[in-house]
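Reading the structure
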Amino acid sequence: MTAFNRFGALVFGAALLVAASQASALTLYPNYVGPGVTYTLVQEASSSGDPEPLFGAPTGVGDQLIFFPPAFTASTAGAAGFDHTGSQFQARVTSNNALSVITTVNFTEFGDAQIFGAGGTATTGTFAALAGFITVLENTSGPIAPVVIPFTGTFAPGSNLTYTSNFGVTIWSGTVSVNVAASVPNATKIQISLDNDLYAFSEAGTSAKIQKKVVNGPAVVINVIPEPTTAILIGSGLLVLGIRGRRVRTA
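The rules we used
- Residues numbered from 1 in each chain as written.
- Predicted model: local features only at pLDDT ≥ 70, side-chain atom pairs only at ≥ 80, totals over all residues.
- Heavy atoms only, no water.
- Salt bridge = Lys/Arg side-chain N within 4 Å of Asp/Glu carboxyl O.
- Helix = DSSP H or I, 4+ residues; strand = E, 2+ residues; numbered from the N terminus.
- Buried < 20%, exposed > 50% of the residue type's maximum accessible area, 1.4 Å probe, protein only.
- pLDDT = per-residue confidence, 0-100.
- Contact = heavy atoms within 4.5 Å.
- Patch = residues over 30% accessible without salt bridge, like charges linked within 9 Å, V, L, I, M, F, W, Y side chains within 5 Å.
- Areas by Shrake-Rupley, 256 points an atom, 1.4 Å probe, with all protein chains shown as cover.
- Phe/Tyr/Trp six-rings, centres within 6.5 Å; stacked < 30°, edge-to-face > 60°.
- Lys NZ or Arg CZ within 6 Å of the ring centre and 35° of its normal.
- Pairing = 2+ DSSP bridges.
- Core = buried A, V, L, I, M, F, W, Y, C linked by side-chain atoms within 4.5 Å.

This part covers the pattern of salt bridges. Enumeration over the complete set of coordinates arrives at three salt bridges. Note that Glu109 is salt-bridged to Lys212, the shortest N-O span being 3.1 Å. Residue Glu109 is found in strand E8 (residues 100-117), and its partner Lys212 is found in strand E15 (residues 206-212); the two are separated by 103 residues along the sequence. We classify Glu109 as buried; its relative accessible area is 2%. The salt bridge partner of Asp112 is Lys213, with a shortest N-O separation of 3.2 Å. Remark: Lys213 occurs in the loop between E15 and strand E16 (220-228) and Asp112 occurs in strand E8; sequence separation between them is 101 residues. By relative accessible area, which is 30% here, Lys213 ends up partly exposed.

This next bit is on the confidence of the model for the chain. When the pLDDT values of the chain are averaged, the result is 86; 81% of them are 70 or greater. Scored below 50 in pLDDT, residues 1-7 shows 13 contacts in the model against residues more than four places distant or in partner chains.

A surface patch of nonpolar side chains, about 370 Å² in accessible area, is lined by Phe116, Phe167, Val169 and Ile171. In this fold, Phe167 is placed in the loop between strand E12 (160-162) and strand E13 (168-179). Residue classification places Phe167 among the partly exposed residues on the basis of a relative accessible area of 47%.

As a further point, take the environment of Ala80. Considering the arrangement of structural elements, one finds Ala80 in the loop between strand E6 (73-77) and strand E7 (81-95). Sequence separation between Ala80 and Ser202 is 122 residues; the distance between their C-alpha atoms is 6.0 Å. Every residue in contact with Ala80, bar those within four places of it in the chain, is listed here: Ser202 and Glu203.

Scanning all chains against the criterion turns up twelve aromatic pairs. Members of the aromatic cluster, each reached through a chain of ring pairs, are Phe55, Phe67, Phe72 and Phe89. For the cation-ring pair, Lys212 lies above Phe72, with the distance from its terminal atom to the ring centre recorded as 4.7 Å.

Right, let's get into the environment of Thr59. Mapping Thr59 onto the fold places it in strand E4 (residues 59-61). A residue is classified by how much of its surface remains accessible, and Thr59, at 38% relative accessible area, is partly exposed.

What follows covers the pairing of E7. For E7, the buried fraction is high: twelve of the 15 residues fall into the buried class. Here strand E3 (residues 37-48) runs beside E7; their pairing, made up of nine bridges, is antiparallel. Residue pairing across strands places Tyr39 opposite Val93, the latter belonging to E7. In terms of strand pairing, E7 meets strand E14 (residues 187-202) through 14 bridges, oriented antiparallel. What sits directly across from Ala91, in E14, is Ile192.

In this section: the nonpolar core. Judged by nonpolar contacts, the single largest core of 45 residues is most densely connected at Tyr39, Phe89, Val105, Phe107, Val178, Ile192 and Leu194. Leave out the neighbours within four places in its chain, and Tyr39 touches Asn31, Tyr32, Asp63, Gln64, Leu65, Ala91, Arg92, Val93, Ile222, Asn223 and Val224.

Along any regular strand, the residues point their side chains to alternate faces of the sheet. With 14 of its 18 residues buried, E8 lies for the most part within the structure. By the bridge criterion, nine bridges tie E8 to E16 in an arrangement that is antiparallel. Bridged to Val105 within E16 is Val224. As defined by bridge partners, E8 adjoins E13 across twelve bridges and the pair is classed as antiparallel. Bridging across to E13, Thr104 finds its partner in Asn179. Where E8 and E15 come together, seven bridges link them in antiparallel fashion. Residue Phe116 lies in a different strand from E15, and its bridge partner there is Ser207.

Set out below in structure tokens:
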């Protein structure tokens, strides 16, 4: 069994243990009105490991929510050590007017992993997970049957950092871009459900820690991108053509 498969099996088994004892919580944050969209029902819906808040109250910038988590960390040391911290973030996002639609949702996060000690193997390390789904609730015609768009983030240099490959301090990033328009054109209201999990594993003589933090950018960013509707774009094009036509006739 490869180091990655061993590590994945450990994560899966640990996740089952955590799920059995996971305590639900609910932390509500204020609504935010951006230039193109409005965020409502902003909340951490559940958490495991460390107590909430894990994301912390967001700051609104443009059509983005930016987070500076106070203590979103998994850390362990010593033989058979394990720690898991996770939280689910949710928000309702609505276009501010009927002339604008939601086309893309981007997620970005940064942090570092610290793996130290002596005599460790690939079993010592960290693991990060970013996944969830976007549910489209309305388009320019009004409410629709909900359309669920699942997503899974990718990490650089990887979601699984180990003692044998990443000894010391490693800066990591996680990203995912969800093309809402490809599944539901002209979406005007969506529900975001985002699961974020950090895991740390250690052996005798080793330690591992992973955390979200400000490094190459804000710790966590959710960016909803609105654009003019197709009808408006076509109408604008026809208007330009009409103006040009009139200019030709009067020339």
